[in-house]
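Letter by letter, the chains look like this.
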Amino acid sequence: MLDLSRLNPPQREAVLHDAGPLVVFAGAGSGKTRVITYRIAHLVSERGVSPSQILAVTFTNKAAGEMRDRIRVLLPGVSCPWVGTFHAICARLLRRHAEAINLNPQFVIYDDTDQKAMLTRLVRELDLDERRFVPRELARQIEAAKRDMLGPEDITARSFEQDVMQRVYALYEERMGQCGALDFNDLIYRTVLALRKHDGLRTMLQRFWQHILVDEFQDTNLSQLELVRVLAAEHQNLCVVGDDDQSIYKWRGADRRNILDFKTSFPSAEVVKLEQNYRSSAHILSAATAVIARNSEREPKTLWTENPEGEKIRVIVCADERDEARAISEAVRKLRDHYSLAQMVIFYRTHAQSRVLEEEMRACNFPYRVVGGQRFYERAEVKDVLAYLRVLVNPSDDVSLLRIINTPVRGIGKTTIDKLLDMAAQRGASVWSTLQVAVAEQAFPKAAHTKLAAFTELMADAQKRASQGRGPGELADHVLEKTGYLQLLRAEDTAEADGRIENVEELVASIREFENEAETPTLSQYLELVTLQSNADEVNADDKLTLMTVHAAKGLEFPVVWVAGLEERVFPLTRQDTLRDDDLEEERRLAYVAFTRAEQRLYLSYACARRLHGDLMVGIPSRFIDEIPAEHVQQVSRVNTGYGGYARGAAGAASGSYGYGSSRPSGYPSGARPNYGASGNRAAPQQRFIGTKAPAPKTPARPPGESYIDRSDADEGGSVFIGMRVRHAKYGEGQVKSVEGGHPPRVTVAFTGWGVKQIVASFLEPA
DNA sequence: GTCTCTCGCCTTTTT
DNA sequence: GGCGAGAGAC
């Protein structure tokens, strides 16, 4: 008998919900996963539903894995239901029913790099202007179309651009089919199309799955909604769980209306709200709810907690990003008395921010791990090896074939490849089959022919081995041996090459591991697993400090959370100077996600100056800090000017007050105060540009009360900003036009009467 | 054909 | 600060 005593009343209601659609609005830290897993356990153990008739859909592989683990604990000895990501489930369905729906069962999945390579080729083939029709942009549009269940024929072209897009899309689809390739969005799009078209398949699956549960429903897009709607049509037992306030993937097509309007789409749906938070201290929860309350169009909910008040949130005002990193390391050092490193996490808005933090943690000898970043399977050398394996499974895979045809370098150059591509386009066939014909007919000049023939022979031989049932590991070894890939890297004898060798070896090890552990250790299974796995989710077994983006943090919780870089333009992130309301609301949800990960202690920091894209910018505290009621905050300034960072109004709504306040009566020495507006720089309304290509201010940086010009520091080349008025002993007054850096650092200055000169920065002083 | 250097782009977030 | 693409030299 399943023990439901640990569930609160709404949780129990959701678990026991009998039949028909159910939407669970699960606030942050309200026990969402517990509800899903208990519901599944309840269905199996109390209601006699067979596990195989339950489908549970998640958003990430990690969430799927955790759900499986928890179900196994609740249902020991019982087989596990289908639990997987939308993409993994669809890939499995498509492969299993490939023949019935006229699909190559050996299809490969193209990631965005492959997709871009394909589009680049098409753009060139159609002789389009690559600057006007950027492959990445075309990819984005095709993605958007598929998310909305639109094929090429559904695009109404109202302009030349749209017309071209439609043609590219159509050709893209044709070529993808020819290559036996599907992109990420195809997995869902094609599954839905197949379900619409093939009555037998649809009916079978609709009857098969009696219960469908979807996690993180706020992040589903139209095609995903359509998928579960179709699959649940027969039994209507669709249970969706999510939190509209934690929807952070709008840019990827996620539509919050899917959960907000669930009751409209399924009028018989029962609505349950989980509002008790078990995770965070009262201060943290109150702060987070106050911030998210600023958003419009939310499902009304009131989160509450029985947890103690806890510590106030610390807002740390830092001089610059290095100072911020130091503030974090100092805090970590102190906190280690009470917490393990694994209990602490640093969040940031963009990956670019991690570098400085990593440097600091390394300098302090704190073991850390960065989640995300450059992914293992996207590294060039790893993709190379995988491309060989992909061609073995599916020789029509042009993108992979073209990747390896001259990798490692074997004398098959651009001219030869271009000719080969022409032939393939004319024949309307794959590059591989064209290659075989060309070799047989000796269509190329002797030198090129020899090399092409050798490559063809190499691949044909490996294919033979593959078809004889050699395992993935053996095939990988064979290919690496025959191509001399590793020998060539070893011969390079550089640290970089050594790193690549390590990665290749790690890949081979992962293939071996797969062989030993998988039920069906086929090469194509392995390739699919690899493509659908974002990053090898390391186990957090060792005691390491974690660094990650806020997006990566969804679903996690930590006793101690530090959110770095809470500055306007960084978090909320804005590209240009505009921030549309709905984009701002998404950023606010992101902040809400970040804050609500914290259990006991939450630190928020911002830097008064930050190097961004190589430019030095003035940091203005994020509006999300201002939106936290003052009673939950304790501010700590590391910028000792007697001016404690920014002035917080009594109501905590002192928006528009800057770290370097224009309201401050005395600050910059007379004349040295940056005259942003008049300097003719790109001065954004909320963020001022104060320099370029100059090192960040020395750490600890000068307090803002002092000038950026400081001769003792001039030998670092910093402390000068474009537009600044400066004085030179000989040339007199002038205005800085650009900052060159170098040793010694030089600055280009336009002097009154002397013209533009390059001057070593240390000979200048503020005018 | 290959290698190297420079330029210019961009950095939001991921299955 | 990092990468890919393209141009130019060998």
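Everything below is about the structure shown above.
Everything numeric in this text was worked out from a predicted model, so none of it was measured.

## Remarks on the sheet that holds strand β3 (residues 82-85)
Part 1: Within the open sheet, the 6 strands sit side by side as β3-β2-β6-β7-β1-β8. Their pairing is parallel. What marks the edges here is a single partner per strand, and that holds for β3 and β8 (270-274). Shown here is a sheet whose adjacent strand axes are inclined to one another by a mean of 15°, direction ignored.

## Some words on the packing of helix α21 (residues 472-483) against helix α22 (residues 485-492)
Part 1: Following both chains from N to C, one finds α21 and α22 inclined at 55°, their axes separated by 5 Å at the closest point. For the element pair α21 / α22, the angle class is oblique. Two secondary-structure elements touch here, α21 through Leu480, Glu481 and Thr483 and α22 through Tyr485, Leu486, Gln487 and Leu488.
Part 2: Partitioning the contact of α21 with α22 into residue classes produces 4 nonpolar, 2 polar and 1 charged.

## A closer look at the side chain of Asp219
Part 1: Within the secondary structure, Asp219 sits in the loop between β6 (211-214) and α10 (222-231).
Part 2: On the basis of relative accessibility, which here comes to 2%, the residue Asp219 falls in the buried class.
Part 3: Looking at Asp219, its side chain comes within polar contact range of the side chain of Gln218, at 3.4 Å.
Part 4: Each residue touching Asp219, except ones within four places of it in the same chain, is listed here: Phe59, Gln224, Gln246, Ser247, Ile248, Tyr249, Ala254 and Lys554.

## Let's talk about helix α19 (residues 431-440)
Part 1: Looking only at α19, the buried set comprises Val431, Trp432, Thr434, Leu435, Ala438 and Val439. Seen end-on, α19 carries its buried residues on one side only, within an arc spanning 160°.
Part 2: Close packing links the buried residues of α19 with α5 (112-125), α17 (398-404), α18 (414-427) and α20 (446-467).
Part 3: Looking one or two residues past α19, Gln442 carries a phi angle of roughly 50°, positive in sign.

## Some remarks on the nonpolar core
Part 1: Within the largest apolar cluster, 67 residues are counted, with the highest numbers of intra-cluster contacts made by Leu187, Ile212, Val214 and Leu238.
Part 2: Of all hydrophobic cores here, the second largest spans 50 residues; its members include Leu392, Met459, Leu475 and Phe514.

## Concerning the pairing of strand β1 (residues 22-26)
Part 1: With respect to burial, β1 is a largely interior element, 5 of its 5 residues being buried.
Part 2: Where burial is concerned, the two faces of β1 agree: the one with Leu22, Val24 and Ala26 and the one with Val23 and Phe25 are both buried.
Part 3: Strand direction decides the pairing type here: β1 and β8, joined by 5 bridges, are parallel. The residue of β8 that forms the bridge with Val24 is Val272.
Part 4: Sheet topology note: the β1/strand β7 (residues 238-242) ladder contains 4 bridges and is parallel. Bridge pairing links Leu22 to Cys239 in β7.

Conventions used here
Residues numbered from 1 in each chain as written. Chains lettered and ligands numbered in written order. Predicted model: local features only at pLDDT ≥ 70, side-chain atom pairs only at ≥ 80, totals over all residues. Heavy atoms only, no water. Pairing = 2+ DSSP bridges. Helix = DSSP H or I, 4+ residues; strand = E, 2+ residues; numbered from the N terminus. Axes fitted to C-alpha atoms, helices over the stretch in contact; angles between N-to-C directions. Parallel < 35°, antiparallel > 145°, perpendicular 65-115°, else oblique. Contact = heavy atoms within 4.5 Å. Nonpolar A, V, L, I, M, F, W, Y, C, P; charged D, E, K, R; others polar. Buried < 20%, exposed > 50% of the residue type's maximum accessible area, 1.4 Å probe, protein only. Polar contact = N/O pair within 3.5 Å; in protein donor to acceptor, adjacent residues only side chain to side chain. Arc of directions from axis to C-beta. Core = buried A, V, L, I, M, F, W, Y, C linked by side-chain atoms within 4.5 Å.

Scope: geometric values only; no functional claims are made or implied.
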